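# Observations on chain architecture
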Amino acid sequence: GAGVSQTPSNKVTEKGKYVELRCDPISGHTALYWYRQSLGQGPEFLIYFQGTGAADDSGLPNDRFFAVRPEGSVSTLKIQRTERGDSAVYLCASSRGGGASTDTQYFGPGTRLTVL
Amino acid sequence: EDKVVQSPLSLVVHEGDTVTLNCSYEVTNFRSLLWYKQEKKAPTFLFMLTSSGIEKKSGRLSSILDKKELSSILNITATQTGDSAIYLCAVANSNSGYALNFGKGTSLLVTP
């Protein structure tokens with residue numbers, strides 16, 4: 001399959017620890033997005049990359065959250081000093097990019113993060 | 001602040017029934033409205049509706065955008081147990097780049 005992939009599928013960590021979540025977008029997609037979904041809620045936007053640069057990081061909740069995409073393909077979401085409130089499913093999506101109004105985001109299976 | 005509201009929040013129907021899911025929105029500069037189906041974790045894309053494409057159909061699923069009423073409906077006819085999922089509505093705003101603003105979703109359960 002050539003869909004968006006995310007690893008790990010599940011991550012359990014202790015409060016205060018550092019975690020990294022990885023996203024591998026659809027081949028050829030220049031745009032990549034991170035969302036966070038809490039139980040009973042819709043996905044909430046975190047950050048958007050166009051190529052290697054973060055074009056919009058307005059959804060990052062605080063400076064403990066950081067994301068990179070150094071070569072314009074794989075992206076890593078990094079969370080420092082995790083808190084119990086960070087527990088959620090972290091979803092990654094990718095799209096062709098280019099600015100067309102019909103640009104569609106395709107989602108990966110997500111990483112379920114549990115902070116104990 | 002942009003807002004997307006879905007109703008009902010949950011719904012239980014019998015196999016073979018027809019269902020209509022609702023999505024209403026308030027956005028400053030509407031760009032597009034999307035419907036996704038979420039089973040387990042990954043939302044899968046169903047439809048995108050824009051000013052130039054206000055009605056879409058695929059098999060038993062169809063969707064209409066009403067730009068005057070700022071709303072959309074998703075219809076599923078002859079429901080099957082495999083239609084059981086959370087249906088998410090999301091809106092893109094031209095001012096906010098490419099971030100999607102999602103509603104809370106409608107949880108649909110189709111019983112045999």
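A quick note: this is a predicted structure, and the numbers were derived from the prediction, not measured.

## With respect to the pattern of salt bridges
As enumerated under the stated definition, the model contains six salt bridges over all chains in all. Ionic pairing is found between R36 of chain A and E44 of chain A, a salt bridge with its closest N-O pair at 3.9 Å. A relative accessible area of 42% places E44 of chain A in the partly exposed class. The residue K37 of chain B makes a salt bridge to E39 of chain B at a minimum N-O spacing of 3.9 Å. What makes K37 of chain B buried here is its relative accessible area of 14%. For E39 of chain B, a relative accessible area of 42% gives the class partly exposed. Shared partners join several salt bridges into a network, and the residues in it are R64, E83 and D86 of chain A.

## Here we look at the sheet that holds strand β8 (residues 75–79) of chain A
Residue and element names in this part refer to chain A. Spatial ordering of the open sheet is given by β1-β3-β8-β7, a layout of four strands whose pairing is antiparallel. A single partner strand is all that each edge strand has here, and the edge strands are β1 (5–7) and β7 (65–68). Neighbour to neighbour, the strand axes of the sheet diverge by 15 degrees on average, direction disregarded. As judged from the three bridges shared by β1 and strand β3 (residues 19–24), these two strands associate in the antiparallel manner. Bridge assignment links S5 to a residue of β3, and that residue is D24.

## Considering the pairing of strand β4 (residues 30–38) of chain B
Residues and elements named next belong to chain B. The buried fraction of β4 is high, at nine of nine residues. Judged from the eight bridges that link them, β4 and strand β9 (residues 85–93) form a sheet pairing that is antiparallel. When the sheet's bridge partners are listed, L34 is paired in β9 with A90. Relative to strand β5 (residues 43–49), β4 runs antiparallel, the two sharing six bridges. Bridging across to β5, L33 finds its partner in L49. If you look at the hairpin formed by β4 and β5, you'll find four residues sitting between the two strands, and K40 has a positive phi there, around 55 degrees.

## Notes on the state of the cysteines
In total, this model carries two disulfides over all chains according to the counting rule given. A sulfur-sulfur separation of 1.9 Å characterises the disulfide bridge that pairs C23 of chain A with C92 of chain A. Disulfide C23 of chain A-C92 of chain A: torsion about the S-S bond near -70 degrees, hence left-handed. One end of the pair, C23 of chain A, is in strand β3; the other, C92 of chain A, is in strand β9 (residues 88–95), and 69 residues separate them in sequence. Just as C23 of chain A is buried, C92 of chain A falls in that class too. Through a disulfide, C23 of chain B is tied to C89 of chain B; the S-S separation comes to 2.0 Å.

Reading the values: rules and limits
- Counting restarts for each chain, with residues numbered from 1 along the sequence as it is written.
- Each chain takes a letter, starting from A, and each ligand takes a number, starting from 1, following the order in which they are written.
- For this predicted model, a pLDDT threshold of at least 70 governs which residues receive local features, and a threshold of 80 or more governs which side-chain atom pairs are given and counted, while totals over whole chains, interfaces and linings are taken from all residues.
- Values shown for side chains rest on all heavy atoms present in the structure; no hydrogens or waters enter the calculation.
- Put simply, a salt bridge is a Lys or Arg side-chain nitrogen that is within 4 Å of an Asp or Glu carboxyl oxygen.
- Whether a residue is buried, partly exposed or exposed follows from its accessible area with a 1.4 Å probe, protein chains only, as a fraction of its type maximum: under 20%, in between, or over 50%, in that order.
- We call two strands paired when DSSP finds no fewer than two bridges between them.
- Helix and strand assignments come from DSSP, with helices taken as H or I runs of at least 4 residues and strands as E runs of at least 2, each series counted from the N terminus.
- Interaxial angle, 0 to 180 degrees, is taken between N-to-C directions of lines fitted to C-alpha atoms, where a helix line uses only the stretch in contact.
- Note on disulfides: each one is a pair of cysteine sulfur atoms within 2.5 Å.

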